[in-house]
Amino acid sequence: MEIQIRQAPASMSAVRSPADAADGPAAAARIQSPELSIVSPVYGCRGCLEELVDRVAAAVSQAVASYEIILVDDRSPDGAWSRIAELAESRPHLRGLRLSRNFGQHAAISAGLAHATGRTIIVMDCDLQDVPEEIPALLRALGEGADMALASRIERQDSFFKKAGSRSFYRLLGWLTGSVYDPTTANFGAYSRKVIDVVNAMPEADRFFPLLVRWTGFETTLVPVTHAKRTEGRSGYSLRQLLRLAMNVALSFSDKPLRLVVRTGLAFAFMSLCIVALSIYRYSIGDIAVAGFTSIVASIWLVGGVVVSSVGVVGLYVGKLHGQAKYRPNFIVAEDTAGDA
């Protein structure tokens, strides 16, 4: 879901919904769709954007007859939008989108995918750690029958703490969702049009691109790729942010926390029965004359803590339902170098 703010005559502004996209220039653009669309969210990497665009263009120009590059500025604090607009003036295959505020990496990816018209779509980061020269290998793998070709970063060029945080994130995510995730893969990959169409049709407010594409169940292949060191900016995810993201994704895509609450409740019920049985037995043999005050207070606090925690987990899910029920757009495009916004 998206909202686009378009320029209108006499200083008027209009809101463009997805239904409106079927008319006018957008329909004509789909008729002349390029073979390939490359989508990259931009945050904190102004200095490497020209190199990114030129290396991507050099890598794909020999592989496909037509292509477009879509850079989505997620309100980067380093003024990346002015650089994107400047590059778009001299590179007709480049299109820039600027979101109205910082919506997050995966919302920015969703914005790019909603505007991508290619029959095949590449998703990659903007910091050049995803090597543009690996795109032809991904396209070849896609041409061998797969619907998704995911880049597998065999030797990640990240710091120890970044790799440790990533491993912790995927382990926690896998445990919470009951799935196995490969920490060598991320957003970088080639995707067929039908995969992206399904992802675009998903109404989730909490977007996590790798999980959305895997949920589709289409044929997937892994392609070993080179992973480069970061030369510009720094990662937007700290360990704390990764763990928070894992929890948000788990609440959005899994009911395991609720099932854990049920299991915890059953475990405590069983423990209570055992304690009651033991107390009755000890009382029957004269081992207990007066019930202990300490054990009663401790039991009340223990059970009360479990109840409050359980209500808290249920409350998190109710909060997610409340957010989804608002049906607000996942992103708002404020400016577009193509002139649509």
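Rules behind the numbers
Residues numbered from 1 in each chain as written. Predicted model: local features only at pLDDT ≥ 70, side-chain atom pairs only at ≥ 80, totals over all residues. Heavy atoms only, no water. Buried < 20%, exposed > 50% of the residue type's maximum accessible area, 1.4 Å probe, protein only. Helix = DSSP H or I, 4+ residues; strand = E, 2+ residues; numbered from the N terminus. Pairing = 2+ DSSP bridges. Core = buried A, V, L, I, M, F, W, Y, C linked by side-chain atoms within 4.5 Å. Contact = heavy atoms within 4.5 Å.

## Topic: the pairing of strand 6 (residues 120–123)
In summary, the side chains of a regular strand alternate between the two faces of the sheet.
1) Next: Here strand 6 shows no split at all, with T120 and I122 on one side and I121 and V123 on the other all buried.
2) Next: Where strand 3 (residues 36–42) lies against strand 6, four bridges are found, and the strand directions are parallel. Considered in strand 6, the bridge of I38 is made with I122.
3) Next: Across four bridges, strand 6 lies against strand 8 (residues 189–192) in antiparallel orientation. Within the sheet, the bridge partner assigned to I121 lies in strand 8 and is Y191.

## Regarding the nonpolar core
1) Next: The biggest cluster of nonpolar side chains holds 37 residues, and the ones touching the most others in it are I38 and L71.
2) Next: Those elements giving two or more residues to this core turn out to be strand 3, helix 2 (49–60), strand 4 (67–73), helix 3 (80–90), helix 5 (135–143), strand 7 (148–153) and strand 9 (220–225).
3) Next: Ignoring any residue separated from it by four or fewer positions in sequence, one finds L71 in contact with S40, V42, L49, L52, V53, I84, L94, R95, G96 and L97.
4) Next: L99, F103, A111 and Y191 belong to the second largest nonpolar core, which has 26 residues in total.

## Considering the pairing of strand 7
1) Next: With six of six residues buried, strand 7 lies mostly within the body of the structure.
2) Next: As paired strands, strand 7 and strand 8 are joined by three bridges and run antiparallel to one another. Along strand 8, the bridge assignment pairs M148 with Y191.
3) Next: Where strand 7 lies against strand 9, six bridges are found, and the strand directions are parallel.

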